[in-house]
Amino acid sequence: MEPSLSPVQITHERPAVEADIVCVGFGPATGGFLTTLSRELLNPDGTPAFESPSAPGLPLQVLCYERADDLGFGVSGAVTKARGIRASFPDLDPAAIPMAAHVTREKLVYLLDPIGASRRSPGVRAADRLVRLFRARNHAVELPWTPGFLHKKDGLILSIGQFNQWVAGQVLGAAQLWPGTPVREALVEGDAVVGVRLMDQGTDKQGAPTADFMPGIDVRAALTVVADGPVGAVGRQLDERFGMPPGHRRHDWAVGMKMVVDLPEGVDLPAGTVLHTLGYPEPEIFGFLYVHPDRVVSLGIFVPSSFADPARTAYRYLQHWMLHPYLWRYLEGGRLRSWGAKSLQESGRRGEPFLAGGGYARIGEGSGSTNVLTGSGVDEAWTTGVLLAESVVELLVAAKPFTRENLEQTYVARRRTSWVEREGRIAGRARDGFHRGFVSGMVGMGLAGLTRGRIAVSGKPKRMPALEDYYRGRIAAADLDRIRQECNASATPLHDALMDHAGWPAIPFDGQLLISHQDALLLGGKVQAPAGYADHVVFRDPHLCEACASKVCIELCSGEALTPGPAGVPLFDREKCVHCGVCLWNCARANPDEPEGGNIAFLAGAGGLHSAEN
Amino acid sequence: MPESFQIVVCGSVVPDPLQTLTPEIGPNGPALKNEPMLPAVLDPWASHALYEAAHLAAQFPCSKVWLVSLGPKAKLQQVMMTVAQKAAFEVIALDGSASGFTDAAETGVALAEAIQAIPDLDRSKLLIFGGWESASRGAGVTLQVVGEELGIVDQFQGVDELTVDSTGSLRILERLEGGQHQVSACAGPPALLGWATGHLPEPRNNPQTGMANMRTVMPALQRAKPVTVSAGASYSAVTLPRQQRETRILKDLSSDQVAADIIAWLKDENRDS
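Quantities reported herein were computed from a predicted structural model and do not represent experimental measurements.

What follows covers the overall build of chain A. Within chain A, the secondary structure is distributed over 18 helices and 26 strands. The globule rule puts the C-alpha radius of gyration for 614 residues at 25 Å, and the 24 Å found for chain A is close to it. Expressed as lengths along the three principal axes of its C-alpha atoms, the size of chain A is roughly 75 × 55 × 45 Å. Buried positions account for 56% of the 614 residues belonging to chain A.

Structure representation (structure tokens):
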């Protein structure tokens, strides 16, 4: 089926409302935007500082629509320097934000492979031998020195879910925040965005109206603030409509998968502790563990797009990572509180779209603000929202419209002189080396960081290899064929069978932390899918799926929402989808109309993760 | 046929039951671990009452719906972001504890006082709605106390359906045991109905309704009157039922197949024990 962003054929009248500013998505960027803007909307005597053109006599009408069921259901295991956040809240007391803690100590840990199943290059094996000779304890070594650009000194450990919830409480009086209300698309007239259209409700999975159909309303506004993240439907619609600036591409991605865990009694990890790991379960996979107050930790891994395993699975790798002796000594006996996953746009500034156009502006991760060298995104996203709000106020005071020219002279100009831009440029090529391999990648990052971006190791992304190529020498072709047939017959992904075959031990489920992927969805993610919305994952050309032998989309799907289908086209189960968007950048088949894209359309959708602790 | 009703729905917030809920005894009595950080939802029983109120009001166009809520103001504010898109109402907020362990009589008196303070309330049109239970604990008496305080003697509990005939009299289905309903007739308002689940689906999010509601919701929250309700009885311990999870995802099964599957599982459990 060919997905379309054009309206479904309906006979019902589509209503429209007028507002002044409409925001798409509520995350740190929108938080920064609304926090800054809300302080300027009223005079000290309580009268409106700016009268609403759309509702004369009232203050500026600012709306924000968020897909998730609540504003605190965002995902990120965040440690941040919080420079921008602190600038917005100079007297910030972390105790006011549940789960927040000051960073007190940081460690970077190299993890050896304690079981011999990790796929390690000769260079990595040489490094392993060297480490084992010297100081390895618990199959790991804590690096004695880490470069300054990796530090989060004086920063904060946050639960982004809790942080979002807290910020929402600060701004609600000045803006209307509507969770559970996905935006289907931007309304584009000529070269300008004039508002948004919300998703139709009361449809079947294909989007056809049912008996209780309610067309998504059009919200027309002078300014549309697009902050729907790296895989948001509106941001990508604008990318397709207006293109990307010359030379800008979104080649680099990662999936971050995390858990929130109650540590067992007796484990003494001080709140504010930050652990980052590298080297295991595969060299390309980085890990993190951040300690919140009350013996609660956020932990997880990042699986990057440069990790060229066509059967890569974040969940199984996350469990092996937790079981590493260096970490398991803390985690054994712990209990899962929450679980989640999200895509990270790791092209950084080189994936920056046009930041503004007629009637719209882009902020947050989808605007290319993530710093891929320092591994920092929350504070950068927040700051882009602040910069836009300052620009909006400047234009309101000058009674100037939100045209492309005016937004470029204010918002884009502020971005160009900001620390987000300055540091983003240094980070620009920092991760290119990972396309050559782990060692090249680490060297490249180090060089880029130490030379402030002047030197880096080059490398270009490659298409995913075939399973046979990746597992050559480890799994015989005949065994691969058999595994593939068995998994197709049982409609299960390949990754568990392949990892078992490659020497990874079975996970010793304990029913409280080491649990099945589906239990993580239900117990940790609390995933929800309200009825009456169309499916948001659509396969553009079924023939391409039928001919695809890899089906990376199934293997890396964070919620096992994609499973083998009888005719070769994967089946999509919306009730398991966490909206991480990983399928979008893990399609092994090129889209004939857009060679850099895949065969999967990731449209606007409802529901997803329902946990407030991620 | 009556021209309109004045429907007052009593309902407050409870912690989102989908979150990780761990009971503990706090300094002020029973509580949940990390309770401040838990997102809240409108009590599911009260939600049914609100949807039924909106449905009834839509049939009698001059009707009006109020939602009287006693709960922490910040939580009420958060919940309004979700509820206000589903039904048209005016909120009357009381800033206080929504814990299920507060004294039901004191809560009932506070709600009744708030209702009595509604300007131009007409008892000949007045229907008090609420949940017959609560997801926060469910003493099951708060709504009755509200009715007693207001002097409303026609009270119905476990209501699943309300119809209004051409004379304005009310026909009410109350739950009995064994899937049976008792049919009651009432001459008309004032009456109090404690709703079970009703029969209406959760309304769709209507952004227009939300925008209209928000013009009154935020001012109402800002002027929320502080209310203190005491803890009532003391509790030595509070626990949730022990859960054992064994997940299998099965789809598109008939109700008979689902029932058979559950029975087989229960039998297995019995054999193990």
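This part covers the overall build of chain B. Tallying secondary structure elements over chain B gives 6 helices and 13 strands in all. When the backbone C-alpha atoms are referred to their principal axes, chain B occupies close to 65 × 45 × 40 Å. Buried positions account for 40% of the 273 residues belonging to chain B. Counting contacts in chain B only where the partners sit at least 6 residues apart, residues at least 24 apart contribute 77% of the total.

Moving on, we get to the pairing of strand β3 (residues 23–26) of chain B. Residue and element names in this part refer to chain B. In this sheet, strand β4 (residues 29–32) lies alongside β3 in antiparallel orientation, the contact comprising 4 bridges. Among the inter-strand pairings, Gly26 is bridged to a residue of β4, identified as Gly29. Hairpin connection between β3 and β4: a loop of 2 residues separates the two successive antiparallel strands.

Now for the sheet that holds strand β7 (residues 140–142) of chain A. Residue and element names in this part refer to chain A. One open sheet holds the 7 strands; their spatial order is β7-β6-β17-β18-β19-β16-β20, and the pairing between them is mixed. The open sheet has two edge strands with one neighbour each: β7 and β20 (335–345). Across the sheet, the mean angle separating the axes of adjacent strands is 20° when strand polarity is ignored. By the bridge criterion, 6 bridges tie strand β6 (residues 105–111) to strand β17 (residues 273–278) in an arrangement that is parallel. Bridge pairing in β17 places Tyr110 opposite Leu278. Together, β16 (253–262), β18 (286–292), β19 (296–304) and β20 form the strand contacts of helix α6 (residues 314–322), whose direction differs from that of β19 by roughly 130°.

Okay, helix α10 (residues 419–427) of chain A next. Structural remark: α-helix, 3.6 residues per turn; residues separated by three or four positions point the same way. Residue and element names in this part refer to chain A. For α10, the set of buried residues is Val420, Gly424, Ile426 and Ala427. Considered in projection along α10, the buried side chains sweep an arc of 155° and stay on one side of the axis. Among the structural elements, α8 (378–397), α9 (404–416) and α11 (438–450) are those in contact with the buried residues of α10.

Residue and element names in this part refer to chain A. In space, the 4 strands of this open sheet follow the order β1-β14-β11-β10, with mixed pairing throughout. The sheet is open, and its two edges are formed by β1 (16–18) and β10 (183–189), each paired on a single side. For this sheet the average axis-to-axis angle between neighbouring strands, irrespective of direction, equals 30°. Seen against the sheet, helix α5 (residues 233–242) touches β10 and β11 (192–198) and runs at an angle of roughly 30° to β10.

Residue and element names in this part refer to chain A. Two elements in contact, helix α1 (residues 28–38) and helix α4 (residues 160–171), have axes separated by 10 Å at closest approach and are oriented at 20°. One finds that α1 runs roughly parallel with respect to α4. The way α1 lies across α4 gives a crossing that is left-handed. Only Ile160, Asn164, Val167, Gln170 and Val171 of α4 make contact with α1, whose side of the interface consists of Pro28, Gly31, Leu34, Thr35 and Ser38.

What follows concerns the pairing of β18(A). All names here are of chain A. β18 sits mainly inside the fold: 6 of its 7 residues count as buried. Pairing geometry for β18 and β19, over 7 bridges, is antiparallel. Bridge assignment links Leu289 to a residue of β19, and that residue is Leu299. What sits between β18 and β19 in their antiparallel hairpin is a turn of 3 residues, with Asp294 showing a positive phi close to 65°.

This part takes up unusual backbone geometry. In this model, Tyr280(A) is joined to Pro281(A) through a cis peptide bond whose omega is 10°. Position of Pro281(A) among the secondary structure elements: in the loop between β17 and β18. A cis amide bond, omega 0°, links Pro189(B) with the succeeding residue Pro190(B). Mapping Pro190(B) onto the fold places it in the loop between β11 (181–186) and β12 (191–195). Here Ala82(A), not a glycine, exhibits a phi torsion of approximately 60°, which is positive. If you trace the backbone, Ala82(A) turns up in the loop between β4 (77–80) and α2 (83–88). Taking the number of C-beta atoms within 10 Å as the measure of exposure, Ala82(A) has 27 and is therefore buried.

When pLDDT is averaged along chain A, the result is 92; 98% of the residues meet or exceed 70. Residue range residues 1–10 of chain A is modelled with pLDDT below 50. Its contacts to residues more than four positions away, or to other chains, number 14 contacts.

Okay, the nonpolar core next. Membership of the largest hydrophobic core comes to 221 residues, with the highest contact counts inside it found for Val225(A), Ala314(A), Cys583(A), Val9(B), Phe129(B) and Leu193(B). With sequence-adjacent residues up to four places away left out, Ala314(A) is seen in contact with Val255(A), Met257(A), Ile301(A), Val303(A), Ala341(A), Leu556(A) and Ser558(A). Membership of the second largest hydrophobic core comes to 12 residues, among which are Leu467(A), Leu480(A), Cys487(A) and Leu498(A).

Moving on, we get to the interface of chain B and chain A. With 24 residues of chain B at the contact, the number on the chain A side is 33 residues. For the side of chain B that touches chain A, the leading source of residues is helix α5 (residues 207–222) of chain B, giving 6 residues. Residues of the side of chain B that touches chain A, tallied by class, amount to 12 nonpolar, 10 polar and 2 charged.

Here we take up α6(A). Among the 9 residues that make up α6(A), 9 are buried, leaving the element largely enclosed by the rest of the structure. Inspection of α6(A) places Ala314(A), Tyr315(A), Arg316(A), Tyr317(A), Leu318(A), Gln319(A), His320(A), Trp321(A) and Met322(A) among the buried residues, and these make up the whole buried set.

This brings us to the confidence of the model for chain B. Detailed reading of the predicted coordinates is not advisable wherever pLDDT is low. Residues and elements named next belong to chain B. Scored by pLDDT, chain B has a mean of 89; 95% of the residues are at 70 or more. The spread of mean pLDDT over the elements of chain B runs between helix α6 (residues 255–272), the lowest at 80, and strand β1 (residues 6–10), the highest at 98. On the interface metric, ipTM, the complex scores 0.86, and its pTM is 0.92.

Residues and elements named next belong to chain B. With respect to the helices and strands, Glu113 occurs in helix α3 (residues 104–116). You can call Glu113 partly exposed: it has 16 C-beta atoms within 10 Å. For the pair Glu113 and Glu149, spaced 36 residues apart in sequence, the C-alpha to C-alpha distance is 8.3 Å.

Scoring rules and cut-offs
- Residues numbered from 1 in each chain as written.
- Chains lettered and ligands numbered in written order.
- Predicted model: local features only at pLDDT ≥ 70, side-chain atom pairs only at ≥ 80, totals over all residues.
- Helix = DSSP H or I, 4+ residues; strand = E, 2+ residues; numbered from the N terminus.
- Rg over C-alpha atoms; globule rule 2.2 N^0.38 Å.
- Buried ≥ 20, exposed ≤ 12 C-beta atoms within 10 Å, placed from the backbone.
- Contact = placed C-beta atoms within 7 Å.
- Pairing = 2+ DSSP bridges.
- Axes fitted to C-alpha atoms, helices over the stretch in contact; angles between N-to-C directions.
- Arc of directions from axis to C-beta.
- Parallel < 35°, antiparallel > 145°, perpendicular 65-115°, else oblique.
- Left-handed = near helix turned anticlockwise from the far one by under 90°.
- pLDDT = per-residue confidence, 0-100.
- Core = buried A, V, L, I, M, F, W, Y, C linked by C-beta atoms within 7 Å.
- Nonpolar A, V, L, I, M, F, W, Y, C, P; charged D, E, K, R; others polar.

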